[in-house]
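# Examination of the molecular architecture
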Amino acid sequence: MTVTQAKNMNLAHLYQQDFFLWLQTTANSLKEKQFQEIDLENLIEEIESLCRYEKKAVKSNLKILLMYLLKYQYQCQLRSNQWRYTIIEHRNRLKDELKDSPSLKPYLQEVFEDTYQDARKEAAAETGLSLDTFPLESPFSIEETLNPDFLPHRDDGMENLDSR
């Protein structure tokens, strides 16, 4: 079925039957400024879904980053290049997300402490260490968490990535 054929169908029905074609048809209608042909209800739902997705991505990357920072600090003997890679990867993902959508920065600050609590629980589950091993409040500030040169260190709390 082509976009032209799809326009002749009920767009709400098309949304249920062929999501990709619905997207193409909607994009085409927007480009052609044929606003009366747009399935507005489902378009709004999809835009709202994208907003939720962006927030979930920030929170997910933050949680993984915090969990690996905790593991790095509290399991010094098990540190690996894979852990450092994971820390770098999720910092880069967050950097890219915040660059593309700077309005997500307040959200990052808003969810930081709750996300730390989730990361703390997951770090305990993954390491087998007691939950009490990990501080109740994050030992890392948001700035340290996002800082590409910061790694936790068991002695003074900081280690520079450049020193490795």
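Up top you'll find the structure we're talking about.
Residues numbered from 1 in each chain as written. Predicted model: local features only at pLDDT ≥ 70, side-chain atom pairs only at ≥ 80, totals over all residues. Heavy atoms only, no water.

## Regarding a negative patch on the surface
Just so we agree on the cut-off: Patch membership needs two things, relative accessible area over 30% and no salt bridge, and members are linked within 9 Å if like-charged or within 5 Å if nonpolar (Val, Leu, Ile, Met, Phe, Trp, Tyr). In short, Shrake-Rupley with a 1.4 Å probe defines the accessible areas, and a residue's cover is counted only from the protein chains shown. In what follows, salt bridge is the name for a side-chain nitrogen of Lys or Arg lying within 4 Å of a carboxyl oxygen of Asp or Glu. His is not counted, nor are the chain ends, whereas Lys and Arg count as positive and Asp and Glu as negative. A charged residue contributes its charge at one atom only: NZ of Lys, CZ of Arg, CG of Asp or CD of Glu. Secondary structure elements are taken from DSSP: a helix is a run of H or I of four residues or more, a strand is a run of E of two residues or more, and numbering for both begins at the N terminus.
A contiguous patch of negative charge, built from Glu110, Glu113, Asp114, Asp118 and Glu137, is present on the exposed surface. Tracing the backbone through its elements, the reader meets Glu113 in helix H6 (residues 105-127).

## Here's the deal with the nonpolar core
So the rule is basically this: Side-chain atoms within 4.5 Å are what join buried Ala, Val, Leu, Ile, Met, Phe, Trp, Tyr and Cys residues into a set we call a nonpolar core. With a 1.4 Å probe rolled over the protein chains alone, any residue whose accessible area is under 20% of its type maximum counts as buried; one over 50% counts as exposed, and the rest are partly exposed. Residues count as neighbours in contact if any of their non-hydrogen atoms are within 4.5 Å of one another.
Ranked by internal contacts, the top residues of the largest apolar core, which has 27 residues, are Leu62, Leu66, Ile87 and Leu108. Listing elements by their share of this core, those giving two or more residues are helix H4 (40-74), helix H5 (81-100), H6 and strand S1 (150-151). With nine residues, H4 is the largest single contributor of residues to this core. Apart from residues no more than four positions distant in its own chain, Leu62 is found in contact with Leu94, Leu108, Val111, Phe112, Thr115 and Thr145. Grouped together as the second largest cluster of nonpolar side chains are seven residues, Leu11, Leu21, Trp22 and Ile38 included.

## What to know about the side chain of Arg120
Keep this limit in mind: Definition of a polar contact: a pair of N or O atoms within 3.5 Å, with one able to donate and the other able to accept a hydrogen when the atoms are protein atoms, and with sequence-neighbouring residues admitted only if both atoms are side-chain atoms.
Relative to the elements of secondary structure, Arg120 occurs in helix H6. Buried and without a salt bridge, Arg120 has Asp132 as its closest oppositely charged side chain, separated by 4.4 Å. Only 3.3 Å separates the side chain of Arg120 from the backbone oxygen of Leu131, close enough to count as a polar contact. Within the local environment of Arg120, its side chain forms a polar contact with the backbone oxygen of Pro135, the two atoms lying 3.1 Å apart. Each residue touching Arg120, except ones within four places of it in the same chain, is listed here: Leu70, Leu131, Asp132, Phe134, Pro135 and Leu136.

## Structural notes on unusual backbone geometry
In this structure, Lys33 is a non-glycine residue whose phi angle is positive, near 55°. As for its position among the elements, Lys33 is in the loop between helix H3 (19-31) and H4. For Lys33, a relative accessible area of 61% puts it in the exposed group.

## Notes on the pattern of salt bridges
According to the stated counting rule, one finds three salt bridges in the structure shown. For Glu126, the salt bridge goes to Lys71, with nearest N and O atoms at 2.4 Å. Highlighted residues: Glu126 in helix H6 and Lys71 in helix H4, separated in sequence by 55 residues. The partner of Glu89 in a salt bridge is Arg93, and the shortest N-O contact between them spans 2.5 Å. Here Glu89 and its partner Arg93 are both found in helix H5, four residues apart, which amounts to about one turn of the helix.

## What about H5?
Applicable threshold: Here the expected span of a helix is defined as 1.5 Å times the quantity of residues minus one.
Here H5 spans 28 Å end to end across 20 residues, near enough to the 28 Å set by a 1.5 Å rise per residue. Contacts from the buried residues of H5 go to H4, H6, helix H7 (142-146) and S1.

## Quick word on the packing of H4 against H6
Heads up, the condition is: Throughout, an axis means a line fitted to C-alpha atoms (over the contacting stretch in the case of helices), and angles, computed between N-to-C directions, take values from 0 to 180 degrees. Orientation is classified from the angle alone, with under 35 degrees giving roughly parallel, over 145 giving roughly antiparallel, 65 to 115 giving roughly perpendicular, and any other angle giving oblique. Should the near helix be turned counterclockwise from the far one by less than a right angle, the crossing is left-handed, whereas a clockwise turn marks it as right-handed. Side-chain classes are defined by residue name, with Ala, Val, Leu, Ile, Met, Phe, Trp, Tyr, Cys and Pro counting as nonpolar, Asp, Glu, Lys and Arg as charged, and the others, Gly among them, as polar.
At a minimum axis separation of 7 Å, H4 and H6 run at an interaxial angle of 50°. The angle between the axes of H4 and H6 places the two elements in the oblique class. The two elements H4 and H6 cross, and the hand of that crossing is right-handed. The residue makeup of the contact of H4 with H6, split by class, is 13 nonpolar, two polar and eight charged.

## Re the environment of Ser29
Within the fold, Ser29 resides in helix H3. Accessibility expressed as a relative area gives 1% for Ser29, which makes it buried. Between the C-alpha atoms of Ser29 and Asp39, which are 10 residues apart in sequence, the distance is 9.8 Å.

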